[in-house]
Structures are given as C-alpha cells and as structure tokens.
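# Geometric and topological summary
Below are the chains, spelled out letter by letter.
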Amino acid sequence: MGVLNIIEKIVSIICPIISIVISIIALCKSNDAIKQVNKIKIGNIDKKQESDNNNNSTITQNMK
C-alpha cells in the first residue's frame, strides 16, 4: 500500500500543474488567433450601423 500512496501523492501534485500549463498555452494561442482575425480586412469596406429604439425597433446597416 505504500507504493500506491506515493503514486497518489505524485499524481495529485503533477495533474494540477499540467492543467495550469495547458490552460496558459490555450490562453496564449486564443489571444494570437483573435489578433490575427482582427487584422483581416476585406477590401475598403466602411461599415455603418444605426439603430432606432422604439416599440417597432429597426436596425439598418449601410455597407459601402
């Protein structure tokens, strides 16, 4: 039973560390992906969005 207790202690220490490392890597990769998407431009498109808040609310978009 002594070996099982040692293995349990090692796993209980290593697994959270691995989880934190994987979370940090995923966060960095997602930030890089967001930056790349924000740099994408499709031609010279001006986007304008207007909204009128009343009972019959309408939203219009003018793309030139």
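In the block above lies the structure referred to throughout.
Residues numbered from 1 in each chain as written. Predicted model: local features only at pLDDT ≥ 70, side-chain atom pairs only at ≥ 80, totals over all residues. Heavy atoms only, no water.

## Brief notes about the overall build of the chain
Per the secondary structure count, the chain includes one helix and two strands. Within the span of the chain, comprising 64 residues, buried residues form 0% of the whole. Approximately 6400 Å² of the chain is accessible, and the part contributed by carbon and sulfur atoms is 61%. (Helix = DSSP H or I, 4+ residues; strand = E, 2+ residues; numbered from the N terminus. Buried < 20%, exposed > 50% of the residue type's maximum accessible area, 1.4 Å probe, protein only. Areas by Shrake-Rupley, 256 points an atom, 1.4 Å probe, with all protein chains shown as cover.)

## Some thoughts on a nonpolar patch on the surface
Residues Ile6, Ile10, Ile13, Ile14, Ile17, Ile18, Val21, Ile22 and Ile25 make up a contiguous nonpolar surface patch of roughly 830 Å² in combined accessible area. Mapped onto the fold, Ile13 is located in helix 1 (residues 2-39). The exposure class of Ile13 is exposed, given its relative accessible area of 54%. (Patch = residues over 30% accessible without salt bridge, like charges linked within 9 Å, V, L, I, M, F, W, Y side chains within 5 Å. Salt bridge = Lys/Arg side-chain N within 4 Å of Asp/Glu carboxyl O.)

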